[in-house]
Amino acid sequence: MLTKENTVIGFIGIGVMGKSMAGHLLNAGYPLVVYSRTKEKAADLLEMGAIWAETPRIVAEKASVIFTMVGYPTDVEEVYFGEHGLIHYGKPGSYFIDMTTSAPSLAVKIYEEANKRGIQAIDAPVSGGDVGAKEAKLSIMVGGEEAAFAAIRPILEYLGTNIVYQGKPGAGQHTKMCNQIAIASNMIGVCEAVVYAEKAGLNPENVLKSITAGAAGSWSLSNLAPRMLNGNFEPGFYIKHFIKDMKIALDEAEQMEMKVPGLALAKSLYDQLVEQGEENSGTQALYKYWLG
């Protein structure tokens, strides 16, 4: 049984969401070892008592439950299979939990290689953005062995409130693709609704009071539409990372011979924003497409 007395947690990837998530684990009383490519991002956590590791290898040597929350599948590959990777240096009996939104096939590869070494690997991507991470109210989608999920669930509960076991390795990532597909088309609708309200001479804030409580309600409408109206395009979730997710979903859909026109349209609009230098803006910056 994993307890605070016998469990050192490692956290790799101290970004917009990872910093808050790691902080919750530290506040819960777990010894915490952290690694990020930019040490400055971990400064607050280190002041709180976290231990710095120079490489993922050191995290693997010190911790028995290791979370990864990095940017791209290539980053996941490096963290797990690189020269100082977790797979090579993880201890038998450890748990690896990748919360990055990544390719389902990569999640399966990590599971298989970890399993050969007596390590349990789980894919557990999340939804909820910076707000969900800060409030520890993330939705966590889990793939892997059910017994491993049961063992780490008490730790996941410090990070999220909607934690669902989805099935075999890779199932968490496939579920996250469903999430991103739904968000992609919804973001277009949210932006069009806001712009329509403005062009119709309505008070957009009052419009949101009505439509967020009705059948049109969604997380994006409630949380991101107000940011659009306030001119706040800071990233709760980067456009560049959303495009990465949409590309994974498009590739997976193609393999399943499935048409996803809504997803394809959303990606094309976001691609245009990247051409305008908006890759580091939050996904709500799609609103700028209608500003000309």
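Participant: Is there a simple way to explain the environment of D75 in this structure?
Facilitator: The topology assignment puts D75 in helix α4 (residues 73-81). Classification of D75 by relative accessible area gives buried; the value is 14%. Taking the C-alpha atoms as reference points, D75 and G13, 62 residues apart in sequence, are found 9.8 Å from one another. Apart from the residues lying within four places of it in its own chain, the contact partners of D75 are R37 and V70.

Participant: Explanation requested: helix α10 (residues 204-211) in the structure shown.
Facilitator: Side chains that are three or four residues apart share a direction in an α-helix, a result of its 3.6 residues per turn. For α10, the set of buried residues is P204, V207 and L208. For α10, the angular spread of the buried residues around the axis is 100°, confining them to a single face. Structural note: α10 exposes K209 and S210 on the side pointing more than 90 degrees away from its buried face. Where α10 is buried, its residues touch α9 (171-199), α11 (219-223) and α12 (225-229).

Participant: Just to check I follow, could you spell out the packing of aromatic side chains for this structure?
Facilitator: Centre-to-centre distance and the angle between the planes together describe a pair of aromatic rings. One pass over the structure, following the stated rule, counts nine aromatic pairs. Relative to Y158, the ring of Y30 lies with its centre 6.0 Å away and its plane at 80°, an arrangement referred to as edge-to-face. Of this pair, Y30 sits in the loop between α1 (18-27) and β2 (32-35) while Y158 is found in the loop between α8 (146-156) and β9 (160-167), placing the two residues 128 residues apart along the sequence. Under the relative-accessibility criterion, Y30 is labelled buried at 5%. Under the relative-accessibility criterion, Y158 is labelled partly exposed at 31%. Pairwise contacts between aromatic rings join F237, F242 and Y270 into one cluster. Over the ring of Y30 we find K4, and its NZ or CZ is 5.8 Å from the ring centre. Directly above the ring of Y238 sits K240, whose terminal nitrogen or CZ lies 5.0 Å from the centroid.

Participant: What is the right way to read the side chain of K244 from this model?
Facilitator: Tracing the backbone shows K244 in helix α13 (residues 239-255). Here the side chain of K244 touches T101 through a polar contact of 2.6 Å, landing on its backbone oxygen. Excluding its chain neighbours within four sequence positions, the residues that come into contact with K244 are G71, Y72, P73 and T101.

Participant: How should the pattern of salt bridges be read in this particular structure?
Facilitator: Oppositely charged side chains can form a pair if their charged atoms are brought close together. Under the defined criterion, the tally for this structure stands at 13 salt bridges. Across the salt bridge formed by K19 and D44, the nearest N and O atoms sit 2.7 Å from each other. Here K19, found in helix α1, pairs with D44, found in helix α2 (residues 43-48); they are 25 residues apart in sequence, far enough to count as distant. The exposure class of D44 is partly exposed, given its relative accessible area of 39%. Notably, a salt bridge pairs E113 with K116, separated by 3.0 Å at the nearest N-O pair. Of the two residues, E113 and K116 are both situated in helix α6 (residues 104-116); the distance of three residues between them amounts to about one turn of the helix. For K116, a relative accessible area of 63% corresponds to the exposed category. Within this structure, E113, K116 and R117 form a network of salt bridges that share partners.

Participant: I tried to follow the pairing of strand β5 (residues 95-98) on my own but got confused; where do I start?
Facilitator: Burial along β5 is two-sided: the face carrying Y95 and I97 and the face carrying F96 and D98 are both buried. Inspection of the sheet shows strand β4 (residues 65-68) paired to β5 by four bridges, in the parallel sense. For T68, the partnering residue across the bridge sits in β5 and is D98. Both β5 and strand β6 (residues 120-123) contribute to a ladder of four bridges, which runs parallel. In the strand pairing of β6, D98 is matched with D123. The β-α-β motif built from β5, the intervening α6 and the parallel element β6 has right-handed crossover chirality.

Rules of the game
Residues numbered from 1 in each chain as written. Predicted model: local features only at pLDDT ≥ 70, side-chain atom pairs only at ≥ 80, totals over all residues. Heavy atoms only, no water. Helix = DSSP H or I, 4+ residues; strand = E, 2+ residues; numbered from the N terminus. Buried < 20%, exposed > 50% of the residue type's maximum accessible area, 1.4 Å probe, protein only. Contact = heavy atoms within 4.5 Å. Arc of directions from axis to C-beta. Phe/Tyr/Trp six-rings, centres within 6.5 Å; stacked < 30°, edge-to-face > 60°. Lys NZ or Arg CZ within 6 Å of the ring centre and 35° of its normal. Polar contact = N/O pair within 3.5 Å; in protein donor to acceptor, adjacent residues only side chain to side chain. Salt bridge = Lys/Arg side-chain N within 4 Å of Asp/Glu carboxyl O. Pairing = 2+ DSSP bridges. Right-handed = clockwise from strand over helix to strand, strands pointing away.

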